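Coordinate analysis (summary)
Here are the chains, one letter per residue:
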Amino acid sequence: MSWQTVLGFEVHIELGTNTKMFCDCPADHFGAAPNTQVCPVCLGLPGALPVPNARAIEWCVKLGLALGCNVNLFSKFDRKNYFYHDLPKGYQISQYDIPFCKNGELLGHKITRVHMEEDTGKLQHSGAETLIDFNRSGVPLVEIVTGPDFVSSDDGILFLKEVQAIVRALGISTADMEKGSMRLEANISVRSSESSDIPNYKVEIKNVNSFRFIKKAIDYEVTRQSRILESGANPVQETRGFKESTGETVSQRLKEEANDYRYFPEPDIPPLQFTKQQIEAWRSEIPVLPAQVRQELITKYQLSPQYAVIISSDQNMYIQFLKNPSKATADALVNKRPLQTISAVKIDPEVVSKILSANPKAVADFKSGKQQALFFLIGQVKKELGNIDIKLAGDIIRASIYG
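Attention in this report is confined to the structure presented alongside it. In this text, all values refer to a predicted model and were calculated from it rather than measured experimentally.

**Regarding the packing of aromatic side chains**
In this structure the tally under the stated criterion is 11 aromatic pairs. Ring geometry for Phe 9 and Phe 150: centres 5.1 Å apart, planes at 80°, overall edge-to-face. Taken together, the residues Phe 9 in strand β1 (residues 3-14) and Phe 150 in the loop between β10 (140-146) and α2 (153-170) connect sequence positions 141 residues apart. Summarising the burial analysis for this pair, Phe 9 and Phe 150 share the class buried. Taking 5.7 Å as the distance between ring centres and 40° as the angle between the ring planes, the aromatic pair formed by Phe 213 and Phe 242 counts as tilted. Placement of the pair is Phe 213 in helix α3 (residues 211-230) and Phe 242 in strand β13 (residues 238-243), with a sequence separation of 29 residues. With respect to burial, Phe 213 and Phe 242 carry one shared label: buried. Following the ring pairs from residue to residue traces out a cluster consisting of Phe 22, Phe 77, Phe 100, Phe 274 and Trp 282. Over the aromatic face of Tyr 261 sits the side chain of Lys 80, whose NZ or CZ is 4.5 Å from the ring centroid. The cationic tip of Lys 89 hangs over the ring face of Tyr 91; the distance from NZ or CZ to the ring centre is 5.4 Å.

Given below as C-alpha cells:
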C-alpha cells in the first residue's frame with residue numbers, strides 16, 4: 001500500500017516590540033543575564049494585572065492581513081490552563097475561539113488563524129539540573145496555524161520561507177530562528193493514498209529552529225508512521241521532539257486536546273473592539289510584500305525568476321535595486337552574494353522554462369506532492385547545464401513553478 005502525508009504547521013513569531021505583551025519589561029531578551037528583565041506581571045505574582053501591548057496587537061493584525069485573513073472586529077483574550085515549569089502563572093494568556101485573524105491563504109494553503117499570546121520562560125539544562133530564565137516570559141508571540149493541506153516537507157518549507165519573508169518585510173520581527181524569534185511546529189499524519197479523509201490522529205513536532213531540521217523531522221516522522229500503519233497498528237497521538245544529533249523524533253508526552261486546557265475568557269482583560277476604519281488604516285500601511293516584489297521584478301524589469309527570488313528576499317537589496325533599476329544593477333547586487341548564490345545565476349532561466357514546458361506531467365506531479373518529480377526536473381537541468389548547485393536549482397524550479 002502507498003501512503004500520503006497529511007501535514008500542517010504552527011509557526012510562532014516573537015514580535016520585536018520594545019516591551020513585553022502585558023507589562024513594561026524589555027521584550028528583547030536575547031543575550032541578557034538570566035532573570036534580569038522580569039516584574040510581578042511576567043513572573044505571575046499574586047495581584048499583578050496584565051495591560052495589553054497595543055503595538056503588538058496592531059502588528060498581529062497586520063500580519064494577518066498580509067496573509068489574506070479576515071479580521072474579527074470583536075475579539076478577546078483567553079486563559080489556556082496547563083502546568084509546566086516555564087509557565088509561572090499556571091496558565092498562558094492566549095486566544096481560543098475568537099482570534100484576531102482567521103481564514104487566510106498563502107501559496108494556495110489555508111491559514112486557519114493568526115492569534116496573539118504571550119511567550120513562556122526558557123528552560124536551561126545544566127548537568128542534572130534544569131534552570132529557568134523568565135526573561136522570555138511574557139514576550140509578545142504571534143501564532144500562525146495552517147490547515148492540514150500540505151503533502152510534502154518541500155511544499156511546507158517553501159511556505160515557511162515565504163512566511164519568514166513576509167514577517168521581515170513587515171518589519172515586525174527578525175524571524176531569526178537561531179535566536180528563537182521564529183519557531184516551527186509540524187502536525188503530521190499519514191493516510192492511504194486512496195483515502196481523502198483526515199486521519200483520526202496527529203503527531204506534533206515541537207519547537208524546531210531551522211528549515212533543515214523541520215524537513216528532517218517531517219521526513220523521519222512520515223517514514224516512522226508509515227511503518228506503524230503497515231504493521232496494522234495506529235500511531236499514537238502525541239507530542240514529539242526532534243533530536244538533531246541523530247535526525248530522529250523522540251516521544252515527549254501524549255497530545256492534549258483543546259478541552260484539556262480548560263479555556264475561559266481572561267477576566268483581567270476586557271474584550272477588544274476594532275472598527276473597519278481602523279483595520280483599513282492598518283491595511284494601507286502594509287508595505288509591498290515579497291510575492292508582489294518578485295512579480296514586479298519579473299514583469300516590470302524583466303529580471304529572471306532566480307534574480308527575483310534573490311533580490312525580493314533582501315529588503316536592502318531591493319531598495320538598492322530601485323535606485324537604479326536595471327539588469328546591470330541586478331547583476332552587481334546578486335554577484336555580491338555568497339558563492340553558493342552566485343552559482344544560481346548561472347542557471348539560464350530560459351533553460352528552466354524550456355524544461356518545465358517540456359515536462360508538464362513532472363510539474364503536475366510535483367504540485368501534487370511527488371518529490372521524485374522535483375528530482376527528475378533538477379536532473380534535466382543538470383543534464384542541460386552540467387555542474388550546478390542542486391539545492392539552489394530546486395529553489396529556482398519551485399520559484400518558476402509557483403511564480
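Having seen the structure, we can now continue with the description.
**Regarding the sheet that holds strand β4 (residues 78-81)**
In spatial order, the strands read β5-β4-β15; together these three strands make up an open sheet with antiparallel pairing. Where the open sheet ends on each side, the last strands, each with one partner, are β5 (91-94) and β15 (264-265). Bridge count between β4 and β5: four bridges; the pairing is antiparallel. Looking at the pairing, Asp 78 lines up with Ser 94 of β5.

**A short note on the packing of helix α12 (residues 371-385) against helix α13 (residues 390-402)**
For the pair α12 and α13, the least separation of the axes is 10 Å and the interaxial angle reads 110°. In terms of orientation, α12 lies roughly perpendicular with respect to α13. Between α12 and α13, the residues in contact are Leu 374, Leu 377, Ile 378, Val 381 and Lys 382 and Ile 390, Ala 393, Gly 394, Ile 397, Arg 398 and Ile 401, respectively. A class-by-class count of the residues in the contact of α12 with α13 yields eight nonpolar, one polar and two charged.

**A closer look at the environment of Leu 254**
Checked against the element boundaries, Leu 254 lands in strand β14 (residues 248-254). For Leu 254, a relative accessible area of 64% puts it in the exposed group. Each C-alpha atom, one on Leu 254 and one on Glu 204, is 9.8 Å from the other, the two residues being 50 residues apart in sequence. Ignoring any residue separated from it by four or fewer positions in sequence, one finds Leu 254 in contact with Val 236, Gln 237, Glu 238 and Thr 239.

**Overview of the nonpolar core**
In a soluble, globular protein the nonpolar side chains are often hidden away together inside. Phe 77, Phe 100 and Ile 144 are the most contacted members of the largest nonpolar core, which totals 69 residues. Take this core: its biggest share by element is eight residues, from helix α1 (residues 54-66).

**A short note on the sheet that holds strand β7 (residues 109-118)**
Strand order in the open sheet made by the nine strands is β2-β6-β7-β10-β1-β11-β12-β13-β14, with mixed pairing throughout. Looking at strand neighbours, the two that pair on one side only are β2 (70-71) and β14, the edges of this open sheet. Bridge count for β1 against β10 is five bridges, and the pairing is antiparallel. Paired with Glu 14 across the bridge in β10 is Leu 141. Those strands touched by α2 are β1, β6 (101-106), β7, β10 and β11 (182-192), and its axis lies near 20° from that of β1. Docked against the sheet, α3 engages β1, β11, β12 (203-208), β13 and β14, running at close to 25° with respect to β11.

**Notes on the environment of Gly 90**
Relative to the helices and strands, Gly 90 is located in the loop between β4 and β5. It is 50 Å that separates the C-alpha atoms of Gly 90 and Val 363, two residues lying 273 residues apart in sequence.

**Concerning the pattern of salt bridges**
Scanning the model with the defined rule gives 23 salt bridges in all. We note a salt bridge from Asp 268 to Arg 79, for which the minimum N-O separation is 3.3 Å. Of this pair, Asp 268 sits in the loop between β15 and β16 (272-273) while Arg 79 sits in strand β4, and the two are 189 residues apart along the sequence. You can call Asp 268 partly exposed: its relative accessible area is 33%. A salt bridge links Lys 89 to Glu 118; the nearest nitrogen and oxygen atoms lie 2.7 Å apart. With Lys 89 in the loop between β4 and β5 and Glu 118 in strand β7, this pair connects stretches of sequence that are 29 residues apart. What makes Lys 89 partly exposed here is its relative accessible area of 23%. When its relative accessible area of 4% is taken as the criterion, Glu 118 is described as buried. When salt bridges that share partners are traced, they join Glu 14, Asp 119, Arg 136 and Arg 183 into one network.

What counts and how
Residues numbered from 1 in each chain as written. Predicted model: local features only at pLDDT ≥ 70, side-chain atom pairs only at ≥ 80, totals over all residues. Heavy atoms only, no water. Phe/Tyr/Trp six-rings, centres within 6.5 Å; stacked < 30°, edge-to-face > 60°. Helix = DSSP H or I, 4+ residues; strand = E, 2+ residues; numbered from the N terminus. Buried < 20%, exposed > 50% of the residue type's maximum accessible area, 1.4 Å probe, protein only. Lys NZ or Arg CZ within 6 Å of the ring centre and 35° of its normal. Pairing = 2+ DSSP bridges. Axes fitted to C-alpha atoms, helices over the stretch in contact; angles between N-to-C directions. Parallel < 35°, antiparallel > 145°, perpendicular 65-115°, else oblique. Contact = heavy atoms within 4.5 Å. Nonpolar A, V, L, I, M, F, W, Y, C, P; charged D, E, K, R; others polar. Core = buried A, V, L, I, M, F, W, Y, C linked by side-chain atoms within 4.5 Å. Salt bridge = Lys/Arg side-chain N within 4 Å of Asp/Glu carboxyl O.

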